[in-house]
Amino acid sequence: MQSLASIRMAKGPELSRAIRLKIVEKSAWGASVRQIAAEMNLKPSTVGYQLSKQKKLGTTETQARSGRPRKLGTRDTRAIVRQLKAEPRTTCVSIAKELEATGKMTVSAETIRRAARDAGLNGRVARKKPLLKKRHKQARLAFAKEHCAKPASFWKTILWSDETKIRLFESDGKVYVWRHVGEAFKDCNVVPTVKHGGGGVMVWGCMASSGVGNLHFIDGIMDRFMYKDILEKSMIPSAKKLLGKSYIFQHDNDPKHTSKLVKEFLQKKRVKVLFWPAMSPDLNPIEHIWGVLKQRVKAKNPSSIPALKDFIQSEWSAISTSVCEKYVNSMPSRLSAVMKANGGHTKY
């Protein structure tokens with residue numbers, strides 16, 4: 001954890017009335033601030049403060065306060081905010097413990113939360129997004145710039161595809177971060193994910209603006225041979241049904257998808273493939289279709305794998321054309337968001 005060295009030590013007890021009067025008396029006899037401090041074993045700043053108070057108010061008596069003084073001063077708050085900005089996953093509890101352990105002050109985690117909120121920082125659940133490296137951002141930005149001017153008719157010729165895992169019991173795995181409004185998708189505020197972690201039912205599916213295509217349940221580990229079989233038995237029939245003979249096929253850069261076997265098969269079938277930037281599920285409308293499907297299946301509360309498969313198939317078939325069209329029509333907005341983020345994460 002980044003040091004909180006700039007936090008001040010907690011104030012000591014207030015000077016007694018007798019000591020305050022003695023300071024004023026010595027000053028009246030001509031003693032300097034340093035002389036008084038040395039004689040009374042006080043800090044020069046303490047002596048100077050009391051004399052300044054006497055000169056300004058005519059008394060060194062403690063003035064009435066509007067309420068309980070804040071434990072955290074402006075400097076303290078700035079140090080805490082810097083800590084939270086530098087390490088958004090830092091908890092207020094850990095900061096409070098560090099301050100107490102170093103002897104600086106004893107302060108509650110809620111006091112630190114309040115200071116963070118006053119500075120515009122809010123505790124939020126970190127969004128889960130793919131880990132984007134520099135080369136990924138560059139490729140995403142190039143793709144967005146190349147396709148941002150494409151008309152709506154272009155996106156309606158594409159057959160979108162993807163695989164996903166649907167679990168019987170989902171875990172949210174929430175991670176909280178401190179961030180400003182509008183900073184949800186900064187690299188430091190998202191949780192990097194890898195594809196297909198955990199157990200459940202794996203499925204391959206495809207869709208176009210005109211509706212959903214075939215859904216294929218994947219039993220075992222999918223290799224390039226199984227993927228080629230899926231393309232032949234599920235993708236091509238779906239494309240003909242939804243888009244006719246003229247269409248563009250989209251899939252990501254999974255090694256199975258880009259294998260020599262699959263490439264040769266697609267070339268043989270004269271299937272035009274859309275170049276796709278790696279780590280870009282937010283650009284694929286089918287990701288939102290998966291979200292719709294998972295919500296509907298979860299509402300059915302399946303208790304076994306066979307029941308899960310039945311619900312997946314029935315709910316997939318029930319997804320309307322209007323839902324598919326809505327997400328395909330969002331492509332210009334998705335590309336715009338990628339350009340605005342300079343190739344980084346987006347809200348999609």
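The coordinates are above.
Since the structure is predicted, the reported quantities are computational estimates derived from the model, not experimental observations. (Residues numbered from 1 in each chain as written. Predicted model: local features only at pLDDT ≥ 70, side-chain atom pairs only at ≥ 80, totals over all residues. Heavy atoms only, no water.)

(A) Here's a closer look at a positive patch on the surface. On the surface, Lys240, Lys245, Lys268 and Lys269 cluster together into a positively charged patch. Assignment of secondary structure puts Lys245 in the loop between α9 (224-243) and β8 (248-250). For Lys245, a relative accessible area of 85% corresponds to the exposed category. (Patch = residues over 30% accessible without salt bridge, like charges linked within 9 Å, V, L, I, M, F, W, Y side chains within 5 Å. Areas by Shrake-Rupley, 256 points an atom, 1.4 Å probe, with all protein chains shown as cover. Salt bridge = Lys/Arg side-chain N within 4 Å of Asp/Glu carboxyl O. Lys, Arg positive; Asp, Glu negative; His and termini not counted. Charge placed at Lys NZ, Arg CZ, Asp CG, Glu CD. Helix = DSSP H or I, 4+ residues; strand = E, 2+ residues; numbered from the N terminus. Buried < 20%, exposed > 50% of the residue type's maximum accessible area, 1.4 Å probe, protein only.)

(B) Quick peek at the packing of α9 against helix α10 (residues 260-268). Axis separation between α9 and α10 bottoms out at 9 Å; the angle between their running directions is 25 degrees. On the basis of their axis angle, the class for α9 and α10 is roughly parallel. Regarding α9 and α10, the two cross each other, and that crossing is right-handed. On the side of α9, the interface is formed by Arg224, Phe225, Tyr227, Lys228, Leu231, Glu232, Met235 and Ile236, while α10 contributes Leu261, Val262, Phe265 and Leu266. By residue class, the composition of the contact of α9 with α10 is nine nonpolar, no polar and three charged. (Axes fitted to C-alpha atoms, helices over the stretch in contact; angles between N-to-C directions. Parallel < 35°, antiparallel > 145°, perpendicular 65-115°, else oblique. Left-handed = near helix turned anticlockwise from the far one by under 90°. Contact = heavy atoms within 4.5 Å. Nonpolar A, V, L, I, M, F, W, Y, C, P; charged D, E, K, R; others polar.)

(C) Structural context of empty space enclosed by the protein. Applying the stated rule across the entire model yields one cavity of 30 Å³ or more. Its volume calculated, the largest cavity comes out at about 40 Å³. In terms of residue class, the lining of the largest cavity is made up of four nonpolar, three polar and three charged. (1 Å grid on protein atoms, 1.4 Å probe; cavity = no way out; pocket = protein on both sides within 12 Å on 5 of 7 lines; lining within 4 Å. Points joined across faces, edges and corners; volume = space filled by probe spheres on them.)

(D) Region of interest: the side chain of His257. Assignment of secondary structure puts His257 in the loop between β8 and α10. By relative accessible area, His257 is classed as buried at 3%. At a separation of 3.0 Å, a polar atom in the side chain of His257 contacts the side chain of Glu163. Excluding residues within four positions of it along the chain, His257 makes contact with Glu163, Tyr227, His251, Asp252 and Val262. (Polar contact = N/O pair within 3.5 Å; in protein donor to acceptor, adjacent residues only side chain to side chain.)

(E) A look at the environment of Val24. Looking at the secondary structure, you find Val24 in helix α1 (residues 17-28). Given a relative accessible area of 22%, Val24 falls into the partly exposed group. Counting along the chain gives 199 residues from Val24 to Asp223, while the straight-line C-alpha distance between them is 88 Å. Val24 has contacts with Leu51, Gln54 and Thr60, leaving out every residue within four places of it along the chain.

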